[in-house]
Amino acid sequence: MIDALRGTNMSGSTVRRVLAVATALSVCGPVALAQEPQQSTGIEEVVITAQKREESLQDAPIAISAFTAETLANRGITDFADVAKATPSIAVAPYPSSSNTLILFMRGQGVSDSGQITLDSAVGLYQDGFYIPRGQMVTFDLADIERVEVLRGPQGTLYGRNTTGGAVNLVSKKPSGEFGFKQEIGFGNNGRLRSLTVLDLPKWGGLAAKFSFLKREQDGYVKNTGPSHDFGEEDQTAGRVALRWDTGAPFTADYFYERGDLDSTPIYYTNPALVGLIPGYSDSGRPEDHTYRPFNLPESQGEYESHGLTLTWKVSDALTLKSLTGYRDVATKYYQDYADAFFAGFRSYDDIRYHVFSQEVQAVGSLNDGRVDYVAGLYYSKEDASHFENVTITNLFPPPVLLTKDRDVTAESKSKAVYAQVTWTPPVLDDHLDLTLGARYTQDERAATRTFLISFFGFPIAQEPAPGLVNSNNVESSRFNPAFTANYHWTDDVSTYLRVATGYKAGGSTESADIGRFGITFKPENVLTYELGLKSYLFDRRVRLNAAAFLSEFDDMQMFFLASPTDNSVIQGLNPGKASVAGFEFETLWQPLDTLSFTLDYTFLDAKQDEVIARAGTIFDPAVNPSSPYQVGQNIKDLFRVSYAPENSVNVGANWTFLQTADSKLTATANYRWQDRVYQTQPAGKGVPGADLYSQPSLGLVDGRLSWKTGFANDSSLRIDFWGKNLADREWYSSAIGIGGPVAVGATPPGFFMHAIAWAERRTYGVNFVYEY
């Protein structure tokens with residue numbers, strides 16, 4: 001491990017910190033051995049459904065991480081952002097204008113502008129098998145979750161479009177049919193409150209029901225000096241009803257309905273360059289700090305509603321049919337005031353609404369005495385969305401300027417697919433070899449219409465629609481995505497696999513295209529991945545070691561160019577690029593005792609922009625920007641990079657039950673997370689001066705948790721957790737927006753010369769009480 005860490009670009013002090021944490025965790029072993037001399041009975045199996053059927057985590061020949069309910073509780077993971085932070089292959093950041101929206105990348109693939117309804121992410125998010133297409137409201141609390149599965153790499157066969165980076169499955173706990181009650185309540189600094197109530201009712205005539213209610217809130221961590229809301233507030237209320245019909249017959253039905261409200265305020269941006277120019281200006285934005293002047297910051301409000309119906313018919317022991325019908329409706333309005341961080345007053349208001357309906361039919365079965373396992377299905381989805389945005393820009397310094405932009409976009413998309421995957425165990429090599437072949441055929445349609453008005457001091461200066469200007473577009477495409485896997489079981493505990501997989505991200509258009517250019521669209525982005533993996537239990541199943549080495553090649557890469565030399569908000573999406581991402585991942589769990597375990601997860605990414613062709617109508621085109629030294633058709637790859645792809649990411653953790661009696665136990669959990677510098681935009685390549693200004697610096701954070709759990713005679717239990725995050729109280733910022741550009745414009749030289757940054761909340765801590773019956 002020492003040599004591996006020294007081979008990275010981590011500084012010497014960082015390597016020493018990682019090794020110090022690992023050493024500190026390892027020395028706990030002898031103490032635990034003295035306390036409890038019994039060896040581990042072995043690592044518990046984890047059952048997943050990532051391939052549409054139940055199987056062991058170790059039997060699935062794909063790169064996958066699984067978090068059980070116990071793991072989530074031990075690590076204090078309560079929302080999707082926490083899941084992302086616990087997975088080294090995922091890079092996550094808050095969306096600049098909305099705290100209830102996430103920027104999510106996996107293996108260097110995602111989408112930076114989650115606020116546009118005319119384009120899609122590269123990481124699929126699924127809840128109980130139902131696709132969540134947009135990043136809005138995905139910061140919801142993971143209330144009553146049984147398991148989270150993180151599938152890394154393209155999942156184009158079983159999951160379809162928009163999974164070139166991977167997919168995440170959130171699996172909820174089903175009604176048990178027996179009476180159960182759970183009450184969680186927690187308190188923490190900055191006004192934190194989290195309350196979760198779960199009531200599981202006894203089965204009645206074959207019908208089981210479960211009810212959940214969640215309340216979660218926190219105060220803002222940057223105080224507004226005016227009477228309006230603080231920055232960083234959150235107030236979430238949600239409820240869920242889950243029903244299960246099961247009489248013991250071959251037919252079962254599962255239905256859920258959930259509704260939630262999520263109100264928040266955004267992160268607070270500062271600009272170090274303004275210190276000294278504006279009296280009293282501070283670029284801190286840390287806890288207990290406040291804004292440098294009052295801001296009118298309304299509360300951003302959002303609500304969501306979801307229905308899911310899964311019908312299952314076990315035709316025979318060798319065939320199961322499923323129907324999944326889902327509907328999700330989201331409406332969110334969010335406000336942001338960038339607090340003069342761009343040397344101008346910059347305020348935005350967004351109103352995004354969408355609803356999506358999906359229907360999927362699956363056949364899961366086996367043939368030939370279990371030598372052939374198969375999954376086949378049909379899929380249909382339809383999404384309708386709208387996005388209104390108002391932007392107001394004013395000058396900080398004379399002369400006065402008032403510029404407003406009002407943009408209204410409506411979009412509709414449809415997707416139809418047929419897929420199948422077959423795994424065959426040939427009667428050779430003592431049945432140690434499994435061969436899997438899968439394929440998916442998809443047809444996509446997307447149409448969008450836009451109205452756009454730009455006003456100066458209230459007088460229109462440009463608008464759309466207008467004679468001769470195109471204000472609508474349509475994209476149609478079809479894709480065939482095959483996949484092949486060869487998996488060899490060397491022993492019952494060790495297997496290796498070779499996987500070749502394909503995937504694509506759907507085509508679309510750019511909401512922020514210039515007036516008259518909304519008709520320009522981009523094609524789907526394609527990926528081909530080669531992956532060699534290892535799944536293993538070692539040392540009498542006291543160690544679980546899983547690893548994967550991969551190479552992903554991207555073609556027709558969707559990239560977003562500045563398209564105006566005078567307005568950095570004018571962006572054009574095109575397909576000018578090719579890229580490759582090579583990487584290595586491993587996940588290790590060592591459990592020397594039943595009461596002691598260690599984890600070490602590591603991801604290395606070598607992301608390269610292989611080709612970027614300068615396109616007409618962008619700032620690289622001399623006809624648009626006379627200062628550009630480039631020509632249309634020239635390869636300008638050195639100006640770009642694959643964003644959100646840190647070279648090294650490490651998670652080190654330990655869980656130790658160091659005091660145990662017949663009814664009680666005391667457990668300590670510690671985790672350290674390191675992540676290299678993360679560049680948060682594409683045009684920040686090595687050839688761009690000041691590219692580091694558009695990035696989040698390397699950081700390492702330590703979290704800890706102390707839990708006491710005791711049981712009672714009536715089979716109930718009480719758990720008390722004392723927790724802390726960022727225990728070292730490290731200062732770091734979660735978002736950076738560079739000011740400047742990759743190419744000279746007029747008298748402004750190329751590069752980024754300053755940035756607006758959003759400082760993250762510092763140390764947080766609290767206590768939780770959990771009662772279960």
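Residues numbered from 1 in each chain as written. Predicted model: local features only at pLDDT ≥ 70, side-chain atom pairs only at ≥ 80, totals over all residues. Heavy atoms only, no water.

Next up on the list: the overall build of the protein. For the protein, the count of helices and strands is five helices and 40 strands. What you see for the protein is a C-alpha radius of gyration of 26 Å, in line with the 28 Å of a compact globule of 773 residues. Buried positions account for 56% of the 773 residues belonging to the protein. At a minimum sequence separation of 6, the contacts of the protein that also span at least 24 residues come to 68%. When the accessible surface of the protein is split by element, carbon and sulfur atoms take 58% of a total near 30800 Å². Averaging the coordinates of the 67 positive side-chain charges in the protein and doing the same for the 90 negative ones gives two points 2 Å apart. (Helix = DSSP H or I, 4+ residues; strand = E, 2+ residues; numbered from the N terminus. Rg over C-alpha atoms; globule rule 2.2 N^0.38 Å. Buried < 20%, exposed > 50% of the residue type's maximum accessible area, 1.4 Å probe, protein only. Contact = heavy atoms within 4.5 Å. Areas by Shrake-Rupley, 256 points an atom, 1.4 Å probe, with all protein chains shown as cover. Lys, Arg positive; Asp, Glu negative; His and termini not counted. Charge placed at Lys NZ, Arg CZ, Asp CG, Glu CD.)

This brings us to the nonpolar core. Judged by nonpolar contacts, the single largest core of 48 residues is most densely connected at F67, V83, L142, V148, V150, V168 and L170. Examining the composition of this core, we find that five residues originate from one element, strand β5 (residues 98–106), more than from any other. Among the nonpolar cores identified, the runner-up in size contains 47 residues, and V527, L562, Y679 and V688 belong to it. (Core = buried A, V, L, I, M, F, W, Y, C linked by side-chain atoms within 4.5 Å.)

As defined by bridge partners, strand β14 (residues 234–246) adjoins strand β15 (residues 251–264) across 13 bridges and the pair is classed as antiparallel. Paired with G239 across the two strands is R259, which belongs to β15. Where β14 folds back on β15, the antiparallel hairpin that results is connected by four residues, among which G248 adopts a positive phi of roughly 95 degrees. By the bridge criterion, 14 bridges tie β15 to strand β17 (residues 300–316) in an arrangement that is antiparallel. The residue of β17 that forms the bridge with A253 is L311. (Pairing = 2+ DSSP bridges.)

Right, let's talk about the pattern of salt bridges for a bit. One pass over the full model with this rule turns up 47 salt bridges. Note that E360 and K52 form a salt bridge whose closest N and O atoms lie 3.9 Å from each other. On the criterion of sequence distance, the pair formed by E360 in strand β19 (residues 344–367) and K52 in the loop between β1 (47–48) and β2 (55–56) is long-range, its members being 308 residues apart. With relative accessibility at 6%, the residue E360 sits in the buried group. With relative accessibility at 15%, the residue K52 sits in the buried group. R216 serves as the salt-bridge partner of D141, at 2.8 Å between the closest nitrogen and oxygen. Of the two residues, D141 is situated in the loop between β8 (130–132) and β9 (145–152) and R216 in strand β13 (residues 207–218); the sequence distance between them amounts to 75 residues. R216 carries the same exposure label as D141, and that label is buried. Within the structure, one salt-bridge network assembled from shared partners comprises D79, D141, K182, E184, R194, R216 and E234. (Salt bridge = Lys/Arg side-chain N within 4 Å of Asp/Glu carboxyl O.)

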